[in-house]
Structure formats: C-alpha cells, structure tokens
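Observations on chain architecture
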Amino acid sequence: MLQFITDSPTVAGTVAQARDALEGGCRWVQVRMKNATDSEVLEAATEIKNMAAAYGAKVIIDDRVHLVAPSGADGVHLGKGDMAPDTARQLLPPGTIIGATINRFEDISERRLQGADYYGAGPFRFTTTKQRLAPVLGTEGYRQLIRSLREAGITRPVVAIGGITQADVPALLDTGIDGIAVSGAISRTDNPIEATRLFLALLSRLLNHNHFSSSCSLHSTFRLCE
C-alpha cells in the first residue's frame, strides 16, 4: 500500500499534487495543510475527493475532524497531540477511517484502545516535511515495533512514514510493515506521476514475491493494499 501525503501550503498546489499521485496510480491520499485555514483545507479536500471518486481512491484529512463530513472525505489522520480516536469516532459518520500517529509500542497500545483503524509509524529518518519530529526509528525500530505488536496480538495495519525513498522500500517491507506513506519523494521530483508509478511498481514486485502479500486480504476493509 502506498499513501501519498500532500505538502503544499496552497489549495492549488495541494490539488495539483493529489492529481499527480492519483494519475500515477496511488489510491490513498492524505490532505495535509498544516498552516492553512479551515476554508482552504475544506476547499482542497472537497476538490480532491471529487477527483478521487473517479479513481476509486480514498481521501484522508490530516488533523481536522470537523472537516471530514463537509468535504466528503473517507477519514482523518490524528497526530499524537490531536483529538483521541475514540472521541473522533463519536463525531464522525459511521465507517469513517481513523488513523493515528505512533512512534513507540506504548503508543500503539494506547491508540488501539482508543479505536484507531491504522497506525502511521515514524519517522523512518529525519524529514523536513514534518514539524516537531519524534525520535527516528530506522529499520530496526520498525522491526522491534512490529514484533511487539504481534506478540500483543494487535493486528491493525502499520504504515511507515518519514523521509522514505524508493531505495528504502525493500528493507522497510522486510520489517513487517503493511505499507509506506510518502510526501516529498513524490511531490518534489521532476515527474511526480512517474515517481508514483515507480513506487507502486516496486511495492507490487516485492509484495508479489514474498509473504507480505498476505496482508492485503487481512486489511482489505480499509483499502490499504493497492
């Protein structure tokens, strides 16, 4: 599974980035506009959701629970300092996807009890697209996190995030994660559409040649595997 996260501060830039990712084959877009107004985020998310419908893609809004229903978005991603998933669940339409940011196994345990559907785990390495960066995990950090998760019987999907490049994908999948989230490695290239296609081709090739392909059926409810 590949999730694309927008990183433009403007409505036009955000929509353009999402369009490129969708045209490249990505079917999961997170609208992240940290310093934008609610009206700007709503405008961008609504337009992206309308575009995504033609591709059968999911659209997630970063942080702003109150904009999910008006925009028609499929879900929300909540950071560690944002509203708790169980509180958000009470405010959102039935079936809304809720993601939660985690950095340690203790975060997973807590967020599981609060009703998150999936976890964005990171950062993998230092990245300039994220403010207030948590401690870097690296591949060994993901390996330990996934091991703890399995031992605890927690089966929610885990998506790696934070400065990930195409070269990192094989080692990351080997840790047991279910997918990756990418921002600058797509949006800041000369050809974002082609960059998206290359990420998806790499993921598909690796998933088809090892045991990770089994996770697609496990998490199909949330359309995490494309």
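Preceding this section is the structure that the text describes.
The sections below set out a description of the structure shown in this document. (Residues numbered from 1 in each chain as written. Predicted model: local features only at pLDDT ≥ 70, side-chain atom pairs only at ≥ 80, totals over all residues. Heavy atoms only, no water.)

Some details on the overall build of the protein
The condition that has to hold: Counting from the N terminus, the helices are DSSP H or I runs at least four residues long and the strands are E runs at least two residues long. Burial status follows relative accessibility: with a 1.4 Å probe on protein chains alone, a residue under 20% of its type maximum counts as buried, one over 50% as exposed, and anything between as partly exposed. Residue contacts follow a heavy-atom distance rule, with two residues in contact if any of their heavy atoms lie within 4.5 Å. Note on areas: Shrake-Rupley, 1.4 Å probe, and residue coverage restricted to the protein chains presented here.
Scanning the protein from terminus to terminus reveals 10 helices and eight strands. In the protein, which comprises 226 residues, the proportion classed as buried is 53%. Sequence-distant contacts, at least 24 apart, represent 58% of the contacts inside the protein between residues at least 6 apart. Element-wise, carbon and sulfur atoms account for 51% of the exposed surface of the protein, whose accessible area totals about 9900 Å².

Points about the packing of helix 1 (residues 11–23) against helix 9 (residues 192–207)
Condition: To get an axis, fit a line to the C-alpha atoms, keeping to the stretch in contact for a helix; angles then go from 0 to 180 degrees between the N-to-C directions. Should an angle fall under 35 degrees it is taken as roughly parallel, and over 145 as roughly antiparallel, whereas 65 to 115 is taken as roughly perpendicular and any remaining angle as oblique. Each crossing gets its handedness from the near helix: less than a right angle anticlockwise from the far helix is left-handed, clockwise is right-handed. Throughout, the ten residues Ala, Val, Leu, Ile, Met, Phe, Trp, Tyr, Cys and Pro are labelled nonpolar, Asp, Glu, Lys and Arg are labelled charged, and all others, Gly among them, are labelled polar.
Remark: helix 1 packs on helix 9, axes separated minimally by 7 Å, with the N-to-C direction vectors making an angle of 45°. Between helix 1 and helix 9, the crossing angle belongs to the class labelled oblique. Relative to helix 9, helix 1 is oriented so that their crossing is right-handed. Counted together, Asp20, Ala21 and Glu23 of helix 1 and Pro192, Ile193, Thr196 and Arg197 of helix 9 form the full contact between these two elements. Of the residues in the contact of helix 1 with helix 9, the class split is three nonpolar, one polar and three charged.

Looking at the nonpolar core
Going by this rule: Put simply, a nonpolar core is a bunch of buried Ala, Val, Leu, Ile, Met, Phe, Trp, Tyr and Cys residues held in one set by side-chain atoms that sit within 4.5 Å of each other.
Counting 60 residues, the largest nonpolar core has Leu2 and Ile180 as its most contacted members. The contact partners of isoleucine 180, leaving out residues within four places of it in the chain, are Met1, Leu2, Gln3, Val159, Ala160, Ile164, Val169, Leu172, Phe199 and Leu203. If you look at the next biggest cluster of nonpolar residues, it comprises eight residues, including Met1, Ile60, Ile97 and Tyr118.

Overview of the environment of valine 59
The topology assignment puts valine 59 in strand 3 (residues 58–62). On the accessibility criterion, valine 59 (0% relative accessible area) is buried. Expressed as a C-alpha distance, the spacing of valine 59 and valine 31, which sit 28 residues apart in the sequence, is 7.3 Å. Residues in contact with valine 59, not counting those within four places in the same chain, are Val29, Val31, Ile48, Lys49, Ala52, Ala73, Asp74 and Gly75.

Topic: the sheet that holds strand 8 (residues 179–182)
Operational definition: Strands are labelled as partners when DSSP assigns at least two bridges between them.
Strand order in the closed barrel formed by eight strands is 1-2-3-4-5-6-7-8, and the pairing between neighbours is parallel. The sheet shows a mean angle of 25° between the axes of neighbouring strands, taken without regard to direction. Alignment of strand 3 against strand 4 (residues 75–78), held across three bridges, turns out to be parallel. If you follow aspartate 62 over to strand 4, its bridge partner there is histidine 77.

Some details on the pattern of salt bridges
Just so we agree on the cut-off: We define a salt bridge as a side-chain nitrogen of Lys or Arg found within 4 Å of a carboxyl oxygen belonging to Asp or Glu.
Counted according to the given criterion, the structure contains 12 salt bridges. Measuring nitrogen to oxygen at the nearest pair gives 3.2 Å for the salt bridge that ties arginine 188 to aspartate 7. Here aspartate 7 lies in the loop between strand 1 (2–5) and helix 1 and arginine 188 lies in the loop between helix 8 (184–187) and helix 9, a separation of 181 residues in the sequence.

Observations regarding the environment of glycine 56
Relative to the helices and strands, glycine 56 is located in the loop between helix 2 (38–53) and strand 3. The exposure class assigned to glycine 56 is partly exposed, which follows from its relative accessible area of 34%. Each C-alpha atom of the pair glycine 56 and leucine 22 lies 9.6 Å from the other, and the pair is 34 residues apart in sequence.

Here's the deal with the side chain of glutamine 3
Where we set the bar: Here a polar contact is taken to be a pair of N or O atoms separated by no more than 3.5 Å, where protein atoms must pair a possible hydrogen donor with a possible acceptor and residues adjacent in sequence count only if both atoms sit in side chains.
Within the secondary structure layout, glutamine 3 lies in strand 1. With a relative accessible area of 2%, glutamine 3 lands in the buried category. Within the structure, the side chain of glutamine 3 is placed 2.7 Å from the side chain of glutamine 30, a separation counted as a polar contact. Aside from chain neighbours lying at most four places away, what touches glutamine 3 is Cys26, Trp28, Gln30, Tyr118, Ile180, Ala181 and Val182.

Considerations on unusual backbone geometry
Following glycine 122, the chain continues to proline 123 via a peptide bond in cis, the omega torsion being 5°. Here proline 123 is to be found in the loop between strand 6 (118–121) and helix 6 (138–151). Phi is positive for aspartate 63, close to 75°, though the residue is something other than glycine. On the accessibility criterion, aspartate 63 (21% relative accessible area) is partly exposed.

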